[in-house]
Amino acid sequence: MDIHLVQGDITEQRVDAIVNAANSSLLGGGGVDGAIHRKGGPDILAECRQLRASTYGKGLPTGQAAATTAGRLPARWVIHTVGPVHSATEDRSDLLSSCFRESLRVADELKARSVAFPAVSTGVYHWPMDDAARIAVRTVRETSTSVREVRFVLFDADAYAAFEQAIGASDATD
Ligand code: ADP
């Protein structure tokens, strides 16, 4: 698998699937979620409502992932995953790891070969960027998948630098 870093907007990525840092309601929010629904159009939200009605009546649990099509976005699919809110008192890193693992599992079901991830949980869910980057890179590297390209799409230079560092650090220990 190739891992690439891009500084930019995930809604502009031409890949098989982009991952949304959704919330459990699947009914939209701010940050990445807001951008995806705004640019992707109403079809994505309609499919999210169907997912709620058919499978996730109580909402999509934290650490899990589910797919819709991508509406007007250049990607083919949106894989919605719910990151954990960072906690100073409880170690929730397994749940953050699970977001990446489960998203890749769903990508495999869709036969997606290229997947773009945002820095899940690092916005309103307050996960420290360096730690989130380490967890993201390590999990993606350790997951057995048919996905050939993982692209981390980082919104700003600090996030990009954190992922660059995480890739270097994880290389050194391989
Ligand atoms: P969460 O609720 O999981 O914390 P957010 O959407 O609030 O999710 O933020 C996750 C990360 O995505 C943050 O680092 C934020 O800066 C970044 N981000 C926001 N909009 C975009 C976008 N359009 N493309 C890529 N990353 C984005």
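Just so you know, these numbers come straight off a predicted model, no measurement behind them. (Residues numbered from 1 in each chain as written. Predicted model: local features only at pLDDT ≥ 70, side-chain atom pairs only at ≥ 80, totals over all residues.)

Overview of the nonpolar core
What counts is decided by this rule: Joined through C-beta atoms within 7 Å, a set of buried Ala, Val, Leu, Ile, Met, Phe, Trp, Tyr and Cys residues constitutes a nonpolar core. Counting other C-beta atoms within 10 Å of a residue's C-beta gives its exposure: the residue is buried at 20 or more, exposed at 12 or fewer, and partly exposed in between, where C-beta atoms are placed from the backbone. Numbering goes from the N terminus for both helices and strands, where a helix is a DSSP run of H or I of at least four residues and a strand is a run of E of at least two. Here, residues touch in the contact sense if the C-beta positions derived from the backbone fall within 7 Å of one another.
Among the nonpolar cores identified, the biggest contains 54 residues, and Ala-17, Ile-18, Val-115 and Phe-117 are the most heavily contacted of them. Sorting elements by how many residues they give to this core places helix 4 (residues 129–142) first, with 7 residues. In contact with Val-115, not counting residues within four places along its chain, are Val-15, Asp-16, Ala-17, Val-19, Ser-103, Leu-104, Ala-107, Val-147 and Val-150.

Remarks on the environment of His-37
For His-37, the position within the fold is in helix 1 (residues 31–40). A residue is classified by how many C-beta atoms lie within 10 Å of it, and His-37, with 22 of them, is buried. Sequence separation of His-37 and Arg-72 is 35 residues, and the distance between their C-alpha atoms is 9.6 Å. With near-sequence residues (within four places) excluded, His-37 lies in contact with Gly-28, Ile-44 and Leu-45.

Here we look at the confidence of the model for the chain
For clarity, the threshold we go by: Scored between 0 and 100, pLDDT is the confidence that the predictor attaches to each residue.
Scored by pLDDT, the chain has a mean of 96; 97% of the residues are at 70 or more. Overall fold confidence for the complex sits at a pTM of 0.97, while the interface term, ipTM, reaches 0.98.

As for the packing of helix 3 (residues 93–109) against helix 4
Filter applied, for reference: A fitted line through C-alpha atoms represents every axis, and for helices the fit uses only the stretch in contact; the resulting angles, taken between N-to-C directions, go from 0 to 180 degrees. Orientation categories follow fixed angle ranges, with anything under 35 degrees roughly parallel, anything over 145 roughly antiparallel, 65 to 115 roughly perpendicular, and all other angles oblique. Each crossing is labelled by how the near helix is turned from the far one, with a counterclockwise turn of less than a right angle marking it left-handed and a clockwise turn marking it right-handed. The residue classification treats Ala, Val, Leu, Ile, Met, Phe, Trp, Tyr, Cys and Pro as nonpolar and Asp, Glu, Lys and Arg as charged. All others, Gly included, are polar.
Remark: helix 3 packs on helix 4, axes separated minimally by 9 Å, with the N-to-C direction vectors making an angle of 50°. Taken together, the axes of helix 3 and helix 4 are oblique relative to one another. Read as a crossing pair, helix 3 and helix 4 show a hand that is right-handed. For the pair helix 3 and helix 4, contact is made by Ser-93, Leu-96, Ser-97, Phe-100 and Arg-101 and by Ala-132, Ile-135, Ala-136, Thr-139 and Val-140, respectively. Residues belonging to the contact of helix 3 with helix 4 are distributed by class as follows: 6 nonpolar, 3 polar and 1 charged.

A few points about the environment of Asp-94
Mapped onto the elements, Asp-94 comes out in helix 3. Spatially, the C-alpha atoms of Asp-94 and Arg-138 are 12 Å apart, while their sequence positions differ by 44 residues.

Concerning helix 1
Condition: Starting at the helix axis, one direction is taken to each C-beta atom, and the arc is that of these directions.
Listing the buried residues of helix 1 in full gives Val-32, Asp-33, Ile-36, His-37 and Gly-40. Within helix 1, the buried residues cover an arc of 125° as seen down the axis, which keeps them to one side. Exposed and oriented more than 90 degrees from the buried face of helix 1 are Gly-34 and Arg-38. Considering only its buried residues, helix 1 is in contact with strand 2 (17–22), helix 2 (42–54) and strand 4 (77–82).

Digging into the pairing of strand 5 (residues 114–117)
Heads up, the rule is: Should DSSP find at least two bridges between two strands, the strands are taken to pair. Place the viewer so that the strands point away; then a crossover is right-handed whenever the path from the first strand over the helix to the second strand goes clockwise.
Burial of strand 5 is two-sided: the residues Ser-114 and Ala-116 facing one way and the residues Val-115 and Phe-117 facing the other way are all buried. Pairing of strand 2 with strand 5, which is carried by 2 bridges, proceeds in the parallel orientation. Its bridge partner being in strand 5, Ala-17 is matched across the sheet by Val-115. One ladder, built from 4 bridges, connects strand 5 with strand 6 (residues 149–154); its direction is parallel. In the strand pairing of strand 6, Ser-114 is matched with Glu-149. Between strand 5 and its parallel partner strand 6, the chain crosses via helix 4, and the hand of that crossover is right-handed.

Quick look at the site of the ligand
The condition that has to hold: Here is the check we use: build the C-beta atom from the backbone, and if it is within 6 Å of the molecule or strand, call the residue near.
In the neighbourhood of the ligand, 20 residues make up the surrounding shell, with Ile-10, Ala-21, Gly-31, Gly-123 and Tyr-125 lying closest. By residue number, the principal contributor to the shell around the ligand is helix 1, which donates 4 residues. The residue inventory of the shell around the ligand, partitioned by class, reads 12 nonpolar, 6 polar and 2 charged.

As for the sheet that holds strand 3 (residues 65–69)
Within the open sheet, the 6 strands sit side by side as 1-6-5-2-4-3. Their pairing is mixed. On the outer flanks of this sheet lie strand 1 (2–7) and strand 3, each paired with one strand and no other. The average angle at which neighbouring strand axes cross in this sheet is 25°, direction not considered. When strand 1 meets strand 6, the two strands line up parallel, connected through 6 bridges. Each bridged residue has a counterpart across the sheet, and for Leu-5 the counterpart in strand 6 is Phe-152.

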